[in-house]
Amino acid sequence: MQKLFALTSSLSRRTRSSAAFSTSLLFDDTQKQFKESVAQFAEENIAPHAAEIDRSNYLPKDVNLWKLMGDFNLHGITAPAFKFFFVEMFFCICTSKLVMYAVKLYLTSLSATEEYGGLGLGYIYHCIAMEEISRASGSVGLSYGAHSNLCINQLVRNGTPAQKQKYLPKLISGEHVGALAMSEPNAGSDVVSMKCKADRAKGGYILNGNKMWCTNGPVAETLVVYAKTDMAAHSKGITAFIIEKDMPGFSTAQKLDKLGMRGSDTCELVFENCFVPDENVLGLEGKGVYVMMSGLDLERLVLAGGPLGIMQACLDVVLPYVKQREQFGRPIGEFQFIQGKVADMYTSLQSSRSYVYSVARDCDSGIVNPKDCAGVILCAAERATQVALQAIQCLGGNGYVNEYPTGRFLRDAKLYEIGAGTSEIRRMIIGRELFKEQ
Amino acid sequence: MKILVAVKRVVDYAVKIRVKPDKSGVETSNVKMSMNPFCEIALEEALRIKESGRAKEVVAVSIGPAQCTDTLRTGLAMGADRAIHVEYPGTLYPLSVAKIFKALVDAERPALLLLGKQAIDDDCTQTGQMIAGLLKWPQATFASKVVLDEGNKVATVDREVDGGLETLSLDLPAVITTDLRLNQPRYATLPNIMKAKSKVIKKLTPQDLNVEIRSDLEVVQVTEPPQRQAGVILSSVDQLIDRLKNEARVI
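On a predicted model such as this, the values are computed, not experimentally measured, just so you know.

A. Seen up close, the overall build of chain A. Along the backbone of chain A there are 15 helices and 10 strands. A buried classification covers 57% of the 438 residues belonging to chain A. For chain A, the proportion of contacts with a sequence separation of at least 24, taken over those separated by at least 6, is 78%. Accessible area for chain A stands at about 18600 Å²; split by element, carbon and sulfur atoms hold 57% of it.

Below, the structure written as structure tokens:
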């Protein structure tokens, strides 16, 4: 009967791979429910497009994935919520530790008149969403992460009520796409050496310069951009700005043709005498480096969900394959070498997952440790590349053929060793902190 | 008006079923369980009726072991207002379930009782019909379309039958069981999952409802269907006729 249902079902629900590993200690019941819900949503709405997105280097034209994710309340997980019902307010105050953290930095509060359509929840939920979307498609996951964390979360943490009111609702609904730009063609790891200038002008600033590797750059309506208001002051001269796509003097250059994460549009941004009004300064002038560095900690945490999803996707493909594929008269999953590989993949995933969600729990309690935020993505990303390589190996010749997704998993996983601070930078951050603490 | 929806906790449709070594049943420990797909469709229909302003309250009901609360939580997260869990850890057959529902309906007095047409574990396709019989309510099974009239007095239901579609007109209160093409169930979104945490699940036992669970049925053995044999290519029509007559015995 069950097969009959699956066959005759006109619903788009497909047979989900049942590689849902025990996560009993990591999540409470509500988080588990959410994880299953997003997994199902991603499996039915995002996964079917994943191969084509990678092949064509475009998001699907017939389906608006941004709007779909917005309808599923995925964008504003960490943004302030509606304040209609007492019950919701109660939950928001109890669960929204992130908001207490934001209050520490600025006196932006959950004032009863503010409603942006967000959920006021924390990083565990955001990481769960990131993991499940990346499991369906690494490219969509990365774009989603850049939109919901790099852009939306930075606005939530640093924006004035007026800025939040102006930009958040459309970003959270998925009508607008967000992006963030700090790196430049000549300023990657050494991002503080950026040369993009913001000269003071009447009523605002004039921006000149370029930004590189901006995820969502080609399609974003709202962008958070860092520029130097005071070149001589080095790191203390950086200011964060909110840029709108239509501002005169702002344009985007060619879309990059990348190894992986294809379909997650990345491009160069060009500023030619772009005027940005005073009210679009995010945070305070000259204080951009704090916005940037503290944002990077949380960015690394949330993006660490990406490699987790990719590792899970690898196992989703490998486990059924080694059961079906027979050689020498037996399923190859019965041979020790394959069992060894599968075991290594499994333990890499489970250990990374434990690390990521423990740190997410800490961040939800207001304890943000830069060493651990860097540590989780360092760990998860490097493991994910190895797991993807093993996934290709388990599939043998088939793994080398693009009809199977394992090649895409490897190409997507590799990005996470580079973006949001390269592995080398992450190691430097952790080692330097440990040394300082001695 | 109030709508009662029956939801059953069953083995997830995507799971590969295995028979227990002692042949007493199907392996259900450490196996993913979820809401019966037809029950999801029934709940979705109830929610749509509520959203169109026709119903005030949607109550989800489940009968079974303690873990049924998970299924009810999913129902609450989809949008049901409250839930009732009749806890019974043992095996339940449709007639017992129907008797429990009769007692619940007598207590709750809904105008509409929605169920899935069958559960994907036992495929009985009996419970809705039996409840209607016990309550002496009109019933429309295998519904592919449900339309209520202005005063919530009459339901017009399209049924999927072997010959095509049959349209019935039922006076409420009535029992309707849902078929596949009635609607596409919604996802439980995170805000609704959070809201569901504060919704009430009332716990009852069959004794509370004065229902005695007994069965005239006993499962003797559960075995897998015979392995499908490979096909055979025959060389002549005579051979085919011979095989059909003497081996398959169909002619």
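B. Representation of the packing of aromatic side chains within the structure. Evaluated as defined, the whole model comprises nine aromatic pairs over all chains. Grouping aromatic residues by their ring pairs yields a cluster made of Phe 41 and Phe 72 of chain A together with Tyr 187 of chain B. The aromatic ring of Tyr 58 of chain A is capped on one face by Lys 61 of chain A, whose charged end is 4.1 Å from the ring centroid. The ring of Tyr 205 of chain A has Arg 200 of chain A sitting right over it, with the charged end atom 4.5 Å from the ring centre.

C. Geometry of the pattern of salt bridges. The tally for this structure, following the rule as stated, stands at 36 salt bridges over all chains. Salt-bridge contacts for Asp 106 of chain B lead to Lys 102 of chain B; the nearest nitrogen and oxygen are separated by 3.0 Å. Linking Asp 106 of chain B with Lys 102 of chain B, this pair stays in helix H3 (residues 94-108), spanning four residues, or about one helical turn. By relative accessible area, Asp 106 of chain B is classed as partly exposed at 36%. For Glu 160 of chain B, the salt bridge identified is with Arg 181 of chain B, shortest N-O distance 3.0 Å. In this pair, Glu 160 of chain B is assigned in strand S8 (residues 154-161) and Arg 181 of chain B in the loop between strand S10 (174-178) and helix H5 (190-196), connecting sequence segments 21 residues apart. One network of salt bridges, with partners in common, ties together Lys 35, Glu 131, Glu 132, Arg 135, Asp 316 and Arg 353 of chain A.

D. Expanded view of the nonpolar core. Residues and elements named next belong to chain A. Grouped together as the largest cluster of nonpolar side chains are 115 residues, with contacts concentrated most on Phe 34 and Leu 74. When near neighbours in sequence (up to four residues on either side) are disregarded, Leu 74 contacts Phe 34, Val 38, Phe 41, Met 69, Ala 129, Ile 133, Tyr 144 and Ser 148. Core analysis: the second largest hydrophobic core is formed by 27 residues, Ala 79, Leu 180, Ala 187 and Ala 240 among them.

E. How the structure looks around the side chain of Thr 422 of chain A. All names here are of chain A. Note on placement: Thr 422 falls in the loop between helix H14 (406-415) and helix H15 (423-437). For Thr 422, a relative accessible area of 18% corresponds to the buried category. Here Thr 422 is in contact with Ser 189 and Glu 417, once residues within four sequence places are set aside.

F. How the structure looks around the pairing of strand S7 (residues 266-277) of chain A. Residue and element names in this part refer to chain A. With nine of 12 residues buried, S7 is to be regarded as a mostly interior element. The pairing of strand S3 (residues 204-215) with S7 spans nine bridges and is classified as antiparallel. Bridge pairing in S7 places Asn 210 opposite Val 270. Alignment of strand S6 (residues 250-255) against S7, held across four bridges, turns out to be antiparallel.

G. Just the sheet that holds strand S1 (residues 2-6) of chain B, in detail. All names here are of chain B. The nine strands lie next to each other as S9-S8-S7-S10-S6-S1-S4-S5-S11, forming an open sheet whose pairing is mixed. The open sheet has two free edges, formed respectively by strand S9 (164-171) and strand S11 (201-204), since each of these has just one partner strand. Sheet twist, expressed as the average angle between the axes of neighbouring strands with direction ignored, equals 35°. By the bridge criterion, five bridges tie strand S6 (residues 112-116) to S10 in an arrangement that is parallel. Paired with Gly 116 across the bridge in S10 is Thr 178.

H. Fine view of the confidence of the model for chain B. Averaged over all residues, the pLDDT of chain B is 93; the fraction at 70 or higher stands at 100%. Two summary scores accompany this predicted model of the complex, namely pTM at 0.85 and ipTM at 0.79.

I. Quick peek at unusual backbone geometry. All names here are of chain B. With an omega of 5°, the peptide bond between Leu 172 and Pro 173 qualifies as cis. As for its placement among the helices and strands, Pro 173 is situated in the loop between S9 and S10. Even without a glycine there, the phi angle at Thr 125 is positive, about 60°. Here Phe 142, not a glycine, exhibits a phi torsion of approximately 55°, which is positive. You can see Phe 142 is positioned in strand S7 (residues 139-148). Judged by relative accessible area, Phe 142 falls into the partly exposed class, the value being 21%.

J. Highlighting the packing of helix H7 (residues 123-136) of chain A against helix H8 (residues 138-158) of chain A. Residues and elements named next belong to chain A. Their axes nearest at 6 Å, the elements H7 and H8 cross at an angle of 155°. Taken together, the axes of H7 and H8 lie roughly antiparallel to each other. For the pair H7 and H8, the crossing hand works out as right-handed. Judged by residue contacts, Tyr 123, His 126, Ala 129, Met 130, Ile 133, Ser 134 and Ala 136 of H7 engage Gly 138, Val 140, Gly 141, Leu 142, Tyr 144, Gly 145, Ser 148, Asn 149, Asn 153 and Arg 157 from H8.

K. Fine view of the UniProt feature "domain: Acyl-CoA dehydrogenase/oxidase N-terminal" (unreviewed entry) in chain A. Those places that UniProt annotates as "domain: Acyl-CoA dehydrogenase/oxidase N-terminal" (unreviewed entry) correspond, in this numbering, to residues 29-80 and 104-175 of chain A. Between the C-alpha atoms that bound residues 29-80 of chain A there is a distance of 23 Å. The span itself is 60% helix and 0% strand.

Cut-off values and rules
- Residues numbered from 1 in each chain as written.
- Chains lettered and ligands numbered in written order.
- Predicted model: local features only at pLDDT ≥ 70, side-chain atom pairs only at ≥ 80, totals over all residues.
- Heavy atoms only, no water.
- Helix = DSSP H or I, 4+ residues; strand = E, 2+ residues; numbered from the N terminus.
- Buried < 20%, exposed > 50% of the residue type's maximum accessible area, 1.4 Å probe, protein only.
- Contact = heavy atoms within 4.5 Å.
- Areas by Shrake-Rupley, 256 points an atom, 1.4 Å probe, with all protein chains shown as cover.
- Phe/Tyr/Trp six-rings, centres within 6.5 Å; stacked < 30°, edge-to-face > 60°.
- Lys NZ or Arg CZ within 6 Å of the ring centre and 35° of its normal.
- Salt bridge = Lys/Arg side-chain N within 4 Å of Asp/Glu carboxyl O.
- Core = buried A, V, L, I, M, F, W, Y, C linked by side-chain atoms within 4.5 Å.
- Pairing = 2+ DSSP bridges.
- Axes fitted to C-alpha atoms, helices over the stretch in contact; angles between N-to-C directions.
- pLDDT = per-residue confidence, 0-100.
- Parallel < 35°, antiparallel > 145°, perpendicular 65-115°, else oblique.
- Left-handed = near helix turned anticlockwise from the far one by under 90°.
- UniProt positions renumbered as here; feature names shortened; annotations may be inferred.

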